[in-house]
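Fold and contact review
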2 protein chains.
Amino acid sequence: MKVLVLGGDGYLGWPTAMYLSDQGMDVAVCDNFVRRQYDFEIGAESLVPIASLQERIKTWHEVSGKSIKLYVGDLVQADFVYAMMADFRPDAIVHFGEQRSAPYSMIDRGHAVYTQYNNVIGNLNVIYAMADVDPAMHLVKLGSMGEYGTPNIDIEEGFIAIEHKGRRDVLPYPKQPGSFYHLSKVHDSHNIMFACKNFGLRSTDLNQGIVYGTETEQTVRHPRLATRLDYDAVFGTVLNRFCIEAVLGHPLTVYGQGTQIRGILDIRDTVRCIELAVLNPPDRGEYRVFNQFTEEFSVKAMAELVAKTWPGEARVEMVDDPRTESLSHYYQATHTRLLELGLTPHLLSQTLIESLFRVIEENKHRVNWESIQPSVNWRHTKNPASHLNAKLNGL
Amino acid sequence: MKVLVLGGDGYLGWPTAMYLSDQGMDVAVCDNFVRRQYDFEIGAESLVPIASLQERIKTWHEVSGKSIKLYVGDLVQADFVYAMMADFRPDAIVHFGEQRSAPYSMIDRGHAVYTQYNNVIGNLNVIYAMADVDPAMHLVKLGSMGEYGTPNIDIEEGFIAIEHKGRRDVLPYPKQPGSFYHLSKVHDSHNIMFACKNFGLRSTDLNQGIVYGTETEQTVRHPRLATRLDYDAVFGTVLNRFCIEAVLGHPLTVYGQGTQIRGILDIRDTVRCIELAVLNPPDRGEYRVFNQFTEEFSVKAMAELVAKTWPGEARVEMVDDPRTESLSHYYQATHTRLLELGLTPHLLSQTLIESLFRVIEENKHRVNWESIQPSVNWRHTKNPASHLNAKLNGL
């Protein structure tokens, strides 16, 4: 089984590549390193030091004896995508290769346009390269639970049976995404659904919840195999950020009243879900959706759990919500299809958070305090960095 | 009332601009003339000769005494969009300024990417310029009935009440568009819906059916005020194309068995619908959808009606469907909101088609036969012109 991981240098792409390689699959990774560029732009960096992708691949070969092939390039460049696909000829393509931060997409017009251009056009190039090189390839596409928004009915896995005026159909689940990033994923989903029908492609769209944790069986085998751990307000996801705030003695900053409910999962479940999708491809022409998370928590409950688990002082602090999201809402989302394929979830427990606490303790001297403060407000249309830069430069 | 018509040089943009000007509104038009460029690319042109936009505006001033302001530029250039909006400060923006052909978007990868880039990014720039210059502006956005696809339940106007597992919500109507062009409109709709909620904008999304006809009260006032009439397989819409085929003695080419059902409307109803939307803006923060068509016909019924009405010989011929669309399907679409606002439809009748026959007769010496043949196949991923060019060049 040959698997090409797009975005193979990222938080989840790199652990996924090693995990699949460890299962005996023939793995290649593709990246253009723009994720490392975003760090320079916003003045943040991974709490855990990360090696270059070339060093990671070399180290993985040293510790496992297995090879991972590297393609350096940008998915918006069609000639690169076609050449890579024709050269590697994967059975499955795992597509993490998109700008994945909602706050980043909401910085200003330029970042909204960049996010939709980068994600939608890159994904269109992948679709066409599949159709032209080998339409039997399986596209395993990373989506987001945030595509659904917070409807007042149960969220289903991609499709919903609707009875209306005495007739019935099963239709794509209506989406109400809450950022230009989440919108880009909705656009991708519609494009892929059409491509499956039109070109006879096959795809699994994984609507993932919020991932937490930093260690997998593979990343712990050598420090140079570590994956990134983001805690800044732009790329840091909520549970990782709470753990870091606790270790640092910073209040755990909850947006609004913290009544927003979100699906979450352990990083070790992410890599296993990808494997399950790859090992169980859909039929040609089929577009399917799995909701990829294992538990639901309110943001406040996550903060309280972290505060309770951390042995030191930890205070939960409510701050103004920079997002325009529903704070009090119904939330019930189906997530049975990955369980049916054999997923055994790692549920959130003290043990798991404690392993994260340990990694954070080891690296806490690296923290940049300024980057934790929310800098992007959904209601504003201007780049907050333009003010920050002016201040830094004494203008 | 100040109205800015984006795409004001096009088939519907130009008649709309004159119509609104005639109603006493202060009108500006914006265009980058890429529609005229597509003609060069595919080797086709309007059956009716059309003047330049500058000549049109001058002639309109001569016959009506009214002025239309002109902005020449491209919506994907944000600085141009911002400067135009800040200069004209419209109350309403009527957005026709997108690549509007489904076959064009399906030519090959490059045309799919161009269509989504051009339409989605241009529209994002308009959204941000509204938010920054004046969020009270009303965006009247042209969508398509083709965004819905052909579900097995009634199509509603943008939203549908869903009961599911004992709970209830009103959610965006699920979309199943059938081309990368139609997908671009779905992406736009999602982006606009979010922008209304997030930035407090207001918008009317007009999901328009297939427009037929070429004359309005304003276009007939001078030959230099005529709007384009397309009959080629890429930009020609179905009813106009049937009329032209009848006049030319060409078989009326129906795709598949012609059992596809489509909503249609007269060009004179298009301009009136736009006026009704402009005169009755939604509240700030509101995103609403009107289904803009007046009658439903199967494609075969349209062909038969044209054949019966044309006084000469006319034969209906079934050809292989180049599209991947459902040929036999349920179709019932609600379209009451524009009627409630006061629309009095011009229904399809012999008189109306006969006026179109007359215009075609006058211009039939201009027909290019080759451009009528379907050249784009939905299942192919390569540009058919690359073969055609090779043939023309004797390669």
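No experiment lies behind these values; they were computed from the predicted model shown. (Residues numbered from 1 in each chain as written. Chains lettered and ligands numbered in written order. Predicted model: local features only at pLDDT ≥ 70, side-chain atom pairs only at ≥ 80, totals over all residues.)

Turning to the overall build of chain A, a few remarks are in order. When helices and strands are counted, chain A shows 13 helices and 14 strands. In summary, chain A has a C-alpha radius of gyration of 20 Å against a globular reference of 21 Å for 395 residues, a match within 12%. Principal-axis analysis of the C-alpha atoms places the extent of chain A at approximately 60 × 55 × 45 Å. Here chain A holds 395 residues, and the buried ones make up 54% of them. Of the contacts formed within chain A by residues at least 6 apart in sequence, a portion of 83% connects residues at least 24 apart. (Helix = DSSP H or I, 4+ residues; strand = E, 2+ residues; numbered from the N terminus. Rg over C-alpha atoms; globule rule 2.2 N^0.38 Å. Buried ≥ 20, exposed ≤ 12 C-beta atoms within 10 Å, placed from the backbone. Contact = placed C-beta atoms within 7 Å.)

Judged by nonpolar contacts, the single largest core of 235 residues is most densely connected at A:C243, A:V306, B:C243 and B:V306. Residues contacting A:V306, with those up to four places away along its chain left out, are A:F242, A:C243, A:A246, A:L252, A:A314 and A:I353. (Core = buried A, V, L, I, M, F, W, Y, C linked by C-beta atoms within 7 Å.)

For these two chains of identical sequence, chain A goes onto chain B by a turn of 180° and a shift of 0.0 Å along the axis, with RMSD 0.0 Å. The transformation relating the two chain copies, once decomposed into turn and shift, fits a two-fold axis. Mapped onto chain B, 100% of the interface residues of chain A again fall at the interface, so both copies present the same surface. (Least-squares fit on C-alpha atoms with pLDDT ≥ 70 in both.)

Further remarks concern the packing of helix α1 (residues 13-22) of chain B against helix α9 (residues 267-279) of chain B. All names here are of chain B. Packing of α1 against α9 brings their axes to within 9 Å, and their N-to-C directions diverge by 55°. Our classification of the angle between α1 and α9 gives oblique. Classified by chirality, the crossing of α9 by α1 is right-handed. Each of P15, T16, Y19 and L20 in α1 lies in contact with α9, whose residues at this interface are I267, V271, I274 and E275. Across the contact of α1 with α9, the residue classes break down as six nonpolar, one polar and one charged. (Axes fitted to C-alpha atoms, helices over the stretch in contact; angles between N-to-C directions. Parallel < 35°, antiparallel > 145°, perpendicular 65-115°, else oblique. Left-handed = near helix turned anticlockwise from the far one by under 90°. Nonpolar A, V, L, I, M, F, W, Y, C, P; charged D, E, K, R; others polar.)

Looking now at the interface of chain A and chain B. Tallying the contact residues gives 41 residues for chain A and 41 residues for chain B. Elements that contribute at least two residues to the side of chain A that touches chain B include exactly α6 (109-133), β6 (159-164), β7 (167-172) and α7 (180-199) of chain A. When residues of the side of chain A that touches chain B are assigned to their parent elements, the largest contribution, twelve residues, is made by α6(A). Among the residues forming the side of chain A that touches chain B, the class breakdown is 21 nonpolar, eleven polar and nine charged.

Turning our attention to the sheet that holds strand β13 (residues 295-298) of chain A. Residues and elements named next belong to chain A. Spatial ordering of the open sheet is given by β9-β11-β13, a layout of three strands whose pairing is mixed. Either end of the sheet is taken by a strand with one partner, and the two such strands are β9 (210-212) and β13. Direction aside, the axes of adjacent strands within the sheet are offset by 45° on average. Here strand β11 (residues 261-266) runs beside β13; their pairing, made up of four bridges, is antiparallel. Bridged to I261 within β13 is S298. Helix α9 (residues 267-279) contacts β9 and β11 of the sheet and is inclined by roughly 80° relative to β11. (Pairing = 2+ DSSP bridges.)

In a regular helix each residue adds 1.5 Å, so 20 residues correspond to 28 Å; α7(A) covers 28 Å between its end C-alpha atoms and thus fits that length. Looking one or two residues past α7(A), A:G200 carries a phi angle of roughly 70°, positive in sign. (Expected span 1.5 Å × (residues − 1).)

Residue and element names in this part refer to chain B. You can see A28 is positioned in strand β2 (residues 26-31). Its 23 C-beta neighbours within 10 Å are what place A28 among the buried residues. Considered as a pair, A28 and R337 are 309 residues apart in the sequence and their alpha carbons are 27 Å apart. Non-local contacts of A28, meaning those with residues more than four positions away in its chain, are made with L4, I68, K69, Y71 and F88.

Look at A:K165: it is not a glycine, yet its phi comes out positive at around 50°. Along the chain, the position of A:K165 falls in the loop between β6 and β7.

All names here are of chain A. Reading across from one edge, β3-β2-β1-β4-β5-β8-β12 is the order of the seven strands in this open sheet, with parallel pairing throughout. What marks the edges here is a single partner per strand, and that holds for β3 (68-72) and β12 (287-292). When strand polarity is set aside, the average angle formed by the axes of neighbouring strands in this sheet is 20°. Pairing between strand β8 (residues 202-208) and β12: six bridges, direction parallel.

It is worth spelling out helix α10 (residues 299-309) of chain B at this point. Of all the residues in α10(B), the buried ones are B:V299, B:M302, B:A303 and B:V306. Projected onto a plane normal to the axis of α10(B), the buried residues spread over an arc of 95° and lie on a single side. (Arc of directions from axis to C-beta.)

Turning our attention to the confidence of the model for chain A. Summing up the model confidence of chain A, the mean pLDDT is 94 and the portion of residues at 70 or higher is 97%. Interface confidence for the predicted complex, given as ipTM, is 0.96, next to a pTM of 0.97. (pLDDT = per-residue confidence, 0-100.)

Another aspect to go through is the pairing of β6(A). All names here are of chain A. Where β6 meets β7, six bridges bridge the pair, whose relative direction is antiparallel. Bridged to A161 within β7 is V170. Linking β6 to β7, which pair antiparallel, is a turn of two residues; within it K165 sits at a positive phi near 50°.

Every other side chain in a regular strand lies on the same face of the sheet, so the side chains alternate between the two faces. Residues and elements named next belong to chain B. Among the seven residues in strand β8 (residues 202-208), seven count as buried, and that is most of the element. Going residue by residue along β8, you find R202, T204, L206 and Q208 tucked away on one face and S203, D205 and N207 tucked away on the opposite face as well. Note: strand β5 (residues 138-144) against β8, seven bridges, orientation parallel. Counted as the bridge partner of S144 is Q208 from β8.

Residue and element names in this part refer to chain A. For Y181, the location among the structural elements is in helix α7. A tally of 24 C-beta atoms within 10 Å means that Y181 is categorised as buried. Y181 sits 44 residues away from L225 along the chain, and the two C-alpha atoms are 28 Å apart. The contact partners of Y181, leaving out residues within four places of it in the chain, are Q99, S101, A102, Y104, S105 and T115.

Take the environment of B:A86 next. Looking at the element boundaries, B:A86 is found in helix α4 (residues 78-88). Expressed as a C-alpha distance, the spacing of B:A86 and B:V133, which sit 47 residues apart in the sequence, is 6.1 Å.

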